[in-house]
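Secondary and tertiary structure notes
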Amino acid sequence: MLIIYGLLFFLMFFRIFYIQVTGQAEGQKLAAKAAARYEKTKTITANRGYIFDKQGQVIAKDAISYRLIAVVDPSASDGTKKKMHVVNPKKTAVILAKYINMDEEEIYKRLIPEKKDVYQVEFGTAGRNISHATMKKIKAEKLPGINFMEDKKRFYPNGTFASNLIGIAREEDEDEAQAPTVGKMGLEATYNKELSGVNGHIQYKSDLFGYLLPNSKEMVQPAKNGDNVYLTLDKTIQNFLEDSMSKVYKQYNPESMVAIVANPKTGEILAASQRPTFNPQTGEGLDTSWMNEMTETTLEPGSTMKTFTLSTAIEEGKWNPNDTYQSGQYKVYDRTIRDANQVGWGRITYLEGIQRSSNVGMANLLKKIGDKTFIQYMKKFGFGQKTGIDLPNEATGKILDDYPINRVTTTYGQGSTVTPIQLIQALTAVANDGKMMQPYVIDKIVDPNTGKIVKEHKPVVKGSPISADTAKQVREILATTVTSEKGTAQNFASKDYEVAGKTGTAQIPKSTGGYYWGKNNFLYSFLGMAPAKNPKLIMYIAIKKPHLGVTEVGSEPTSKVFNTVMESSLKYLNITPSKTTTEKTIVMDDLVGSDSNDAIANLTSKKIQTVLIGSDGKITDQYPKKDQTVLATSHAFIKTSGNIKIPDFSGWSLRDILTYQSLSGIKIDVQGDGYVEKQNIKAGTIYEGNQRLILKMVKPQEQYK
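Scope of this entry: the structure provided in the associated data block.

A look at the overall build of the chain
Along the backbone of the chain there are 20 helices and 33 strands. Burial analysis of the chain (705 residues in total) assigns 47% to the buried set. In the form shown here, the chain has an accessible surface area of approximately 35200 Å², with 51% of it arising from carbon and sulfur atoms.

Notes on the sheet that holds strand 24 (residues 522-530)
Taking strand neighbours across the sheet as the criterion, the 5 strands line up as 14-13-25-24-23 in an open arrangement whose pairing is antiparallel. One side of each edge strand has no neighbouring strand; the edge strands of this open sheet are strand 14 (269-275) and strand 23 (500-507). Between one strand axis and the next, the sheet turns through 5 degrees on average, direction left out of account. The strands touched by helix 9 (residues 235-252) within the sheet are strand 13 (256-262), strand 14 and strand 25 (537-544), with strand 14 carrying the most contacts at an inclination of about 20 degrees.

Structural notes on the environment of Leu603
Structurally, Leu603 is set in helix 18 (residues 596-605). Taking the C-alpha atoms as reference, Leu603 lies 9.9 Å from Asp589; in sequence the two are 14 residues apart. Setting aside its immediate chain neighbours within four residues, Leu603 contacts Met588, Leu591, Ile608, Thr610 and Ala636.

Details of empty space enclosed by the protein
Within this structure, the stated rule accounts for 4 cavities of 30 Å³ or more. Looking at the largest cavity, its volume works out to about 80 Å³. Those elements that place two or more of their residues in the lining of the largest cavity are helix 6 (163-166) and strand 14. Partitioning the lining of the largest cavity into residue classes produces 5 nonpolar, 6 polar and no charged.

Digging into the nonpolar core
Among the nonpolar cores identified, the biggest contains 86 residues, and Ile166, Ile269, Phe308 and Phe383 are the most heavily contacted of them. The leading source of residues in this core is helix 15 (residues 420-431), at 8 residues. If sequence neighbours within four positions are ignored, Phe308 has contacts with Met378, Phe381, Phe383, Leu423, Ala426, Leu427, Val430 and Leu527. Ranked by size, the runner-up nonpolar core spans 32 residues in total, among them Tyr252, Val499, Tyr524 and Leu548.

What to know about the packing of helix 10 (residues 306-315) against helix 13 (residues 371-380)
Contact pair helix 10 / helix 13: the axes reach a minimum separation of 10 Å and the direction vectors enclose 115 degrees. Helix 13 is crossed by helix 10, and the crossing has right-handed handedness. Together, Phe308, Thr309, Thr312 and Glu315 of helix 10 and Phe374, Tyr377 and Met378 of helix 13 make up the contact between the two elements. Looking at side-chain class alone, the contact of helix 10 with helix 13 contains 4 nonpolar, 2 polar and 1 charged residues.

As for the pairing of strand 21 (residues 453-456)
The sheet contact formed by strand 20 (residues 442-446) and strand 21 spans 3 bridges and is antiparallel. In the sheet register, Val446 faces strand 21, and the bridge partner there is Ile453. Counting the residues between successive antiparallel strands, the hairpin from strand 20 to strand 21 contains 6 residues, one of them, Gly451, with a positive phi of roughly 80 degrees.

Scoring rules and cut-offs
Residues numbered from 1 in each chain as written. Predicted model: local features only at pLDDT ≥ 70, side-chain atom pairs only at ≥ 80, totals over all residues. Heavy atoms only, no water. Helix = DSSP H or I, 4+ residues; strand = E, 2+ residues; numbered from the N terminus. Buried < 20%, exposed > 50% of the residue type's maximum accessible area, 1.4 Å probe, protein only. Areas by Shrake-Rupley, 256 points an atom, 1.4 Å probe, with all protein chains shown as cover. Pairing = 2+ DSSP bridges. Axes fitted to C-alpha atoms, helices over the stretch in contact; angles between N-to-C directions. Contact = heavy atoms within 4.5 Å. 1 Å grid on protein atoms, 1.4 Å probe; cavity = no way out; pocket = protein on both sides within 12 Å on 5 of 7 lines; lining within 4 Å. Points joined across faces, edges and corners; volume = space filled by probe spheres on them. Nonpolar A, V, L, I, M, F, W, Y, C, P; charged D, E, K, R; others polar. Core = buried A, V, L, I, M, F, W, Y, C linked by side-chain atoms within 4.5 Å. Left-handed = near helix turned anticlockwise from the far one by under 90°.

Any link to function would need more than the numbers given here.
Written as structure tokens, this is what we have:
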């Protein structure tokens, strides 16, 4: 017996000695097992970097959301008076169905899992990304076993906002708690490395129940938040563009639209949009709009390309605006080039040819310039090569140079292909006195942890394809396409700013060969700038296959976008109107005693905005008075007896308000400076004589904040 006890003691001693020496038992590291039981690690989730506009306003950021969890194991309530698990699955399903996108029956199935050892359940995508408001409402229902965990989701506060440029970021695995957010497209994908942070952690020792042990040391590794990306986009100008694009898209139902606004002095892209597009917050529209039309797709630009054919001719000394040619058609071997109206306008000058957008005029200019020289200039303007913009998947387009007919059709924008961003880059040379600026959308990237600028973009001159003198001449000539009675761009005239630019009507190629035909089957576009003498903004707008009315032309939908965005943006930037001193003046007739309806019709025909004060027929007073002058497009006031209807004061100056007050006798309380933005009495209301009329005025730069 003593021998047996001795043997057992020896074996136990050897076992203890072995464990002390090796630190193992049953082949397992005891230190590792102890650490797994007593040492706990908690992840500190890093924030994905913000995306800001150039004014520092948020475009994309991480936001707190909530994940719905239901505890279904009754053991969770052991030892407590309060029920910690789902007690009534049916009732719980009925209530939750009011708040999450899952039907009552499916919720109920989740609350009674087939496996009996399940402690808690979740509700897939329907139970994720729950807002704080919805979470509070569900909590107010006081449902036993219903809990929430905090998550982070990518938040896009502006909805549809340059979506195809910004892109989207989503959780890599939406069914995994604290799954990393990854850029899926656009800038979110291109700069995913910079935007992604590095998670930190807290490591500490606890007892078997998870409580922090006394005197235990916490080891904290802080999270490193992702870099913040500042864009060149201006939120206000972008909103002007989005609003206008949406209205025109709804009205004309085109196949697609694309538009860009840029600063020609720097190459900064201030706004970019397309239709169809998508909402990055909800994902609505993603199935029909994935690519960035600004950079990733090509098009035949149509007559907007004549801008650069004209530039080439002037730079090479081959342009004489008063030289003439026979319009209508032009032969290239066995091919015939025709003007848009098929028959031309007889023998016309080259200046008129530009104003009328004559294809035959371009073909004749090419003969003067020379084929080889023309193609060299197209390359100088950056066509057929990437601009180098800081966006992914940029297309190059192709300038066709295989046959003489290719070079002729390229002069007026058919056959050869370009990208919208190439047109913008090339136009900077015309708007910026010959210096062509590389377009860019990233202003700077900043490390929020240190405040250090990681990357900063400075304006880059890509080349000087034309001289400053040539650029000035081109701007002057393109301004006449807007102001001339023969110009195709008359719809783009602005009340306050001189606009220069070129319209485009391009045939769209079929996938099977040939081109579509008919006024609802063209690509309509405009490439323009303002103010014409010293452009502060340039813009390209293209609308593919809009549904035009019987009497409408292609410049109508494009001008509705261009005019609204350009004028609003220039006023927002506080650019001084360039046409106030050059507006046509009209001498006023003696209107007193005449019929008000006849007078209004006469003044309106002269583009004078007439304000009627009263309601009866005969005019008793007027302003301006007889033989005084009034600027076209400005206000003239005529007074009659009878009830006074309050006009729409939007955009009125203080001078017009004082004139109206003097003639009407209505006391007006004017608040602020600049132009009228709001009025307290609705337009069209009959003035009762005792109401107080209040007009709130704002300066142009304040109006668009």
